[in-house]
Amino acid sequence: MSAKKEIWVFAEQENGKLAGVVFELLSEGRKLAAKSGYTLCAVLPSAGGKPMHQELFNYGAKKIYNVEDPRLQTYQNDYFSKVVYSLIEKENPEIVLYGASTIGRSLAPTVAVMGWAGLTADCTELDFDTERQILLQTRPAFGGNIMATIICPDHRPQMSTVRSNVFKKERVSENETGEVVEVKIDLSGVKERMKRVESVVEEVNTVDLKAADYIVSGGRGVGSPENFKVIEGLAGALGGAVGASRATVDAGWISHHHQVGQTGKTVCPLVYVACGISGAIQHLAGMQSADLIIAINKDPDAPIFDVADFGLIGDLHKIVPEFTKQINALRS
Amino acid sequence: MNIVVCIKQVPDSDKVTIDRETNRLNRAGVPSIINPFDENALEMALQLKDKHGGKITVISMGPPQAEEALRTALSHGADEAILISDRKFGGADTWATSYTITLALKKLADPVDLILFGKQAIDGDTAQVGPGVAHFFGVPMITYAKSCEVTENGFRVQQVTDHGYNVWDVEKPAALTVVKEANQLRMPSLKKKMAAKKAEIPVWGAEQLQPDETKIGLSGSPTKVNKVFAPPVKLNKEILSGEPADMVKELIYKLREKKVL
Ligand SMILES: Cc1cc2nc3c(=O)[nH]c(=O)nc-3n(C[C@H](O)[C@H](O)[C@H](O)COP(=O)(O)OP(=O)(O)OC[C@H]3O[C@@H](n4cnc5c(N)ncnc54)[C@H](O)[C@@H]3O)c2cc1C
């Protein structure tokens, strides 16, 4: 069975709203498409896809597989895996990319075992080996202590999940066009074994770490919940958001919505300022891909300095307020 | 109620490093532990059993020494343990692992009501085996479960999402992956510890499980490791020290030079 020369991006949506990671995957997918000569496509299962098409084209999809069914309004693993797998069986794409979201991390492994496909989780780098015609999927393992490049030589499709904020999103233009392929998939035979009875969004407009250009994060070195004001002060001056290490979240100094790292959020701001954070591998896993990292720590041997572009050795309680003061002076 | 908890023995990943010259893992002397998230799955099972009675079977696939992890699970209160181990299973990726574990589930004498996994393993961090087994075994799957209550026909499960949570009603048998926030594993009791030492732990290999040999181990695995390497380190870093006001002044100057301020 020869695979169709297509790269698919799973266009994750709920209630007609596409997830941000979809645009990041399309942006990265364009590079893979350019290198491989494959066609970049979006797979859009939803209750009504039309309003989402333009955005998908704008980010580089040349073709959209549009699957509509009222049962696809919100995510349900049995329905979505049936849809995506049926499509894969029919069209044989070479590569399928998913966001490593709650949804992607249920869907992708299910689809992988429905067929006999390779799946690599949480890739931080994707590349195409033109000689062997395979996808090179690089990811951290052992909590980030090592990196591994995974390949899938003999099975198709080659599938990866990627966390949000690992790749940058870049629109091609405001008015791209492409092909829409309408696909009907019969879901009537899928037994409803699970039903969502409630869905709660907790993080309305608390901390938008994912969208922030500047993030100032505090660690155990901040010393107390009150002292987080110092961190907030700098974040405010920079017009950014407040992040935190797990040590401070566990101590109850700040809510877990602020936590950055392996078990918190992955962020990719322009500038990340780590204050009183030692730089444990689990913390680094969430912020290492920031464009520029500034570390403020009194211990010159703290591992955070290994990943920093700028390191300031000293007491954060003196340095951070000074930083805030000088920024404010600059701005006024 | 029959609950199966799938656990993995992992190296304490904080302590695994890579030799920057040879690109080999330094695993010598690194202690093995039960994957921390699997402890939450085990505790969820124990709490359900406290309330509703039943039996907890722990299953682990791995080398012979993974038996140790199973004994630990017994000391915390699991009733029975099974080790899936065979040289033929070695080198399995998540696909082949899911396939192999499913064969063991199918071989269990009593019908299973609930299969629990940790949300992911800290060595590979893939979070793929739970959903894989659920599909092969033919049961519905809810990932990232924070709580689970028994209902008339199955379970009511709270699932942690990227922005909040969902509540699901799922029929039984079902499979869940469990998050850290769910609970904390209770201490082992002395009595159970003693019993765990002596417990008989059957080992199921290819002979017992009768797999399709093309679907196990390295050859059954669609993904292969192409190479491993040390994460890159930053080379052009600047370390400043001295008076806060001077350091910050220099920093701001440099940031403006780089046009990020
Ligand atoms: C499975 C697992 C998952 C994890 N997930 C995460 C995660 O998602 N995110 C996360 O952050 N952690 C995570 N951790 C925890 C992680 O291993 C570390 O324990 C944690 O990041 C440490 O936080 P910290 O740097 O604030 O504290 P510490 O390690 O205690 O560091 C405090 C630092 O502050 C410095 N300091 C103290 N006082 C001052 C001062 N006055 N001025 C300047 N510097 C000062 C010290 O020199 C030190 O370097 C995880 C751990 C495990 C096992």
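Just so it is clear, the model here is predicted, and its values are computed rather than measured. (Residues numbered from 1 in each chain as written. Chains lettered and ligands numbered in written order. Predicted model: local features only at pLDDT ≥ 70, side-chain atom pairs only at ≥ 80, totals over all residues. Heavy atoms only, no water.)

1. Quick word on unusual backbone geometry
Leave glycine aside and you will find that most residues have negative phi; peptide bonds, for their part, are mostly trans. Convention followed: Note on conventions: DSSP H or I runs of at least 4 residues are helices, E runs of at least 2 residues are strands, and numbering of each starts at the N terminus. Exposure classes here rest on a 1.4 Å probe applied to the protein chains alone. A residue is buried below 20% of its type maximum, exposed above 50%, and partly exposed in between.
Of note, the bond from arginine 156 of chain A into proline 157 of chain A is cis; its omega dihedral lies within 30 degrees of zero at -5°. Mapped onto the elements, proline 157 of chain A comes out in the loop between strand 10 (146–151) and strand 11 (158–162). Cis geometry is found at the peptide bond from lysine 172 of chain B to proline 173 of chain B, where omega equals 0°. Positioned with a positive phi, aspartate 125 of chain B is a non-glycine residue whose angle comes to about 55°. Within the secondary structure layout, aspartate 125 of chain B lies in the loop between strand 8 (114–118) and helix 4 (129–137). Owing to a relative accessible area of 8%, aspartate 125 of chain B belongs among the buried residues under this scheme. The backbone of alanine 127 of chain B sits at a positive phi, close to 60°, despite the residue not being glycine. Within the secondary structure, alanine 127 of chain B is located in the loop between strand 8 and helix 4.

2. Remarks on the packing of aromatic side chains
For the record, the criterion: What counts as a ring pair is set by centres within 6.5 Å for rings of Phe, Tyr and Trp (its six-membered ring), and what kind of pair is set by the plane angle: stacked under 30 degrees, edge-to-face over 60, tilted for all other angles. The rule is short: NZ of Lys or CZ of Arg within 6 Å of the ring centre and within 35 degrees of the ring normal puts a charge over the ring.
Taken as a whole and assessed by the stated rule, the structure comprises ten aromatic pairs over all chains. Here tryptophan 95 of chain B and tyrosine 99 of chain B contribute two aromatic rings whose centre-to-centre distance is 6.2 Å and whose plane-to-plane angle is 15°, an arrangement assigned as stacked. Of this pair, tryptophan 95 of chain B and tyrosine 99 of chain B both sit in helix 3 (residues 94–107), separated by four residues, roughly a single helical turn. Note on tryptophan 95 of chain B: relative accessible area 5%, which makes it buried. Residue tyrosine 99 of chain B is classed as buried on the basis of its relative accessible area of 13%. A ring pair is formed by tyrosine 99 of chain B and phenylalanine 136 of chain B, whose centres lie 6.0 Å apart and whose planes are at 80°; its orientation type is edge-to-face. Taken together, the positions of tyrosine 99 of chain B in helix 3 and phenylalanine 136 of chain B in helix 4 put the pair 37 residues apart, joining distant regions of the chain. Through a chain of ring-to-ring contacts, three or more aromatic side chains come together here, namely Phe10, Tyr75, Phe80 and Tyr98 of chain A. A cation over an aromatic ring shows up here: lysine 227 of chain B above the ring of phenylalanine 229 of chain B, its NZ or CZ 5.0 Å from the ring centre.

3. Some words on the confidence of the model for chain B
Going by this rule: The pLDDT value expresses, per residue, how confident the predictor is, ranging between 0 and 100.
In the predicted model, chain B carries a mean pLDDT of 93, and 98% of its residues have values of at least 70. Two summary scores accompany this predicted model of the complex, namely pTM at 0.83 and ipTM at 0.87.

4. Quick look at the domain arrangement of chain A
The accessible area lost on association of the parts is a frequent measure of interface size. All names here are of chain A. Condition: A domain assignment, automatic or from a database, supplies the domain bounds used here. Here, residues are in contact when the closest pair of their heavy atoms is within 4.5 Å. One speaks of a salt bridge when a side-chain nitrogen belonging to Lys or Arg is within 4 Å of a carboxyl oxygen belonging to Asp or Glu. We call two N or O atoms a polar contact when they sit within 3.5 Å, provided that within protein one can donate a hydrogen and the other can accept it, with sequence-adjacent residues counted only if both atoms are side-chain atoms. The nonpolar class holds Ala, Val, Leu, Ile, Met, Phe, Trp, Tyr, Cys and Pro. Asp, Glu, Lys and Arg form the charged class, and all remaining residues, Gly among them, are polar.
Structurally, chain A comprises domain 1 (4–183) and domain 2 (214–331). Taking the mean C-alpha position of each, domain 1 and domain 2 sit 33 Å from one another. Contact residues are listed per partner, giving eight residues for domain 1 and nine residues for domain 2. Our enumeration of links across domain 1 and domain 2 arrives at one salt bridge. Counting across the interface, domain 1 meets domain 2 through four residue pairs in polar contact (both at pLDDT 80 or more). Taken together, the residues of the side of domain 1 that touches domain 2 sort by class into one nonpolar, five polar and two charged.

5. With respect to the site of the ligand
Residue and element names in this part refer to chain A. Counted only if it meets this: The rule for a residue being near a molecule or strand is that one of its heavy atoms must lie within 4 Å of it. The method behind every accessible area is Shrake-Rupley, applied with a 1.4 Å probe, and residues are considered shielded solely by the protein chains displayed.
Lining the immediate environment of the ligand, one finds 25 residues, of which Arg220, Ser245, Thr263, Ser278 and Asn297 sit closest. At 2.6 Å from an oxygen atom of the ligand is found a side-chain nitrogen or oxygen belonging to arginine 220. At 2.8 Å, a backbone N or O of valine 260 approaches a nitrogen atom of the ligand. Look at the ligand: alone it shows 980 Å² of surface, and the protein chains cover 81% of it.

6. Side note on the interface of chain B and chain A
Heads up, the condition is: By buried area we mean the combined loss of accessible area, with a 1.4 Å probe, across both parts when two parts are placed together. At least two bridges found by DSSP between two strands is the condition for calling them paired.
Contact residues are listed per partner, giving 78 residues for chain B and 80 residues for chain A. When chain B packs against chain A, the two sides together hide about 6,700 Å² of surface, and 60% of this comes from carbon and sulfur. Inspection of the chain B/chain A interface yields one salt bridge. The partner of glutamate 171 of chain B in a salt bridge is lysine 191 of chain A, with the nearest N and O atoms 2.8 Å apart. At the boundary of chain B and chain A, one finds 31 residue pairs in polar contact (both at pLDDT 80 or more). No other element matches helix 7 (residues 244–257) of chain B, which puts ten residues into the side of chain B that touches chain A. Considering only residue class, the side of chain B that touches chain A consists of 37 nonpolar, 21 polar and 20 charged. In the sheet, strand 10 of chain A pairs with strand 14 (residues 224–229) of chain B via five bridges, with the strands oriented antiparallel. The partner of threonine 149 of chain A across the bridge, within strand 14 of chain B, is lysine 227 of chain B.

7. Concerning the side chain of threonine 110 of chain A
Structurally, threonine 110 of chain A is set in helix 4 (residues 104–114). Among the residues examined, threonine 110 of chain A registers a relative accessible area of 4% and is labelled buried. A polar atom in the side chain of threonine 110 of chain A sits 3.2 Å from the side chain of asparagine 77 of chain A. Leaving out residues up to four positions away in the same chain, threonine 110 of chain A has contacts with Asn77 and Ser81 of chain A together with Pro131 and His135 of chain B.

8. So, the sheet that holds strand 14 of chain B
Consider a sheet: its strands pair through backbone hydrogen bonds, and that pairing is either parallel or antiparallel. Threshold: Lines fitted to C-alpha atoms define the axes, with helix axes restricted to the stretch in contact, and inter-axis angles between N-to-C directions lie between 0 and 180 degrees.
In space, the four strands of this open sheet follow the order 8(A)-9(A)-10(A)-14(B), with antiparallel pairing throughout. A strand with exactly one partner marks an edge of an open sheet, and here the two such strands are strand 8 (125–129) of chain A together with strand 14 of chain B. Direction aside, the axes of adjacent strands within the sheet are offset by 25° on average. Across the sheet, helix 1 (residues 20–36) of chain A touches strand 8 and strand 9 (134–141) of chain A, and the angle it forms with strand 8 of chain A is around 10°.

9. Regarding the nonpolar core
Residues and elements named next belong to chain B. Note the cut-off: Residues belong to one nonpolar core when they are buried, are Ala, Val, Leu, Ile, Met, Phe, Trp, Tyr or Cys, and are joined through side-chain atoms within 4.5 Å.
Counting residues in each nonpolar core, the largest one holds 36 residues, and the members touching the most others are Val5, Leu42, Val58, Leu114, Leu116 and Leu176. Element by element, the count of residues in this core is highest for helix 1 (residues 36–52), at six residues. In this structure, leucine 42 is in contact with Val5, Ile56, Val58, Ala73, His76, Ala78 and Leu185, ignoring residues within four places of it in sequence.

10. As for the pairing of strand 8 of chain B
All names here are of chain B. Counting buried positions over the five residues of strand 8 gives five, a clear majority of the element. Covered by surrounding structure in strand 8 are Leu114, Leu116 and Gly118 together with Ile115 and Phe117, the residues of both alternating faces. Here four bridges tie strand 1 (residues 2–7) to strand 8, and the two strands are oriented parallel to one another. Each bridged residue has a counterpart across the sheet, and for valine 5 the counterpart in strand 8 is leucine 116. Alignment of strand 8 against strand 12 (residues 174–178), held across five bridges, turns out to be parallel. Opposite isoleucine 115, over in strand 12, you have alanine 175 as the bridge partner.

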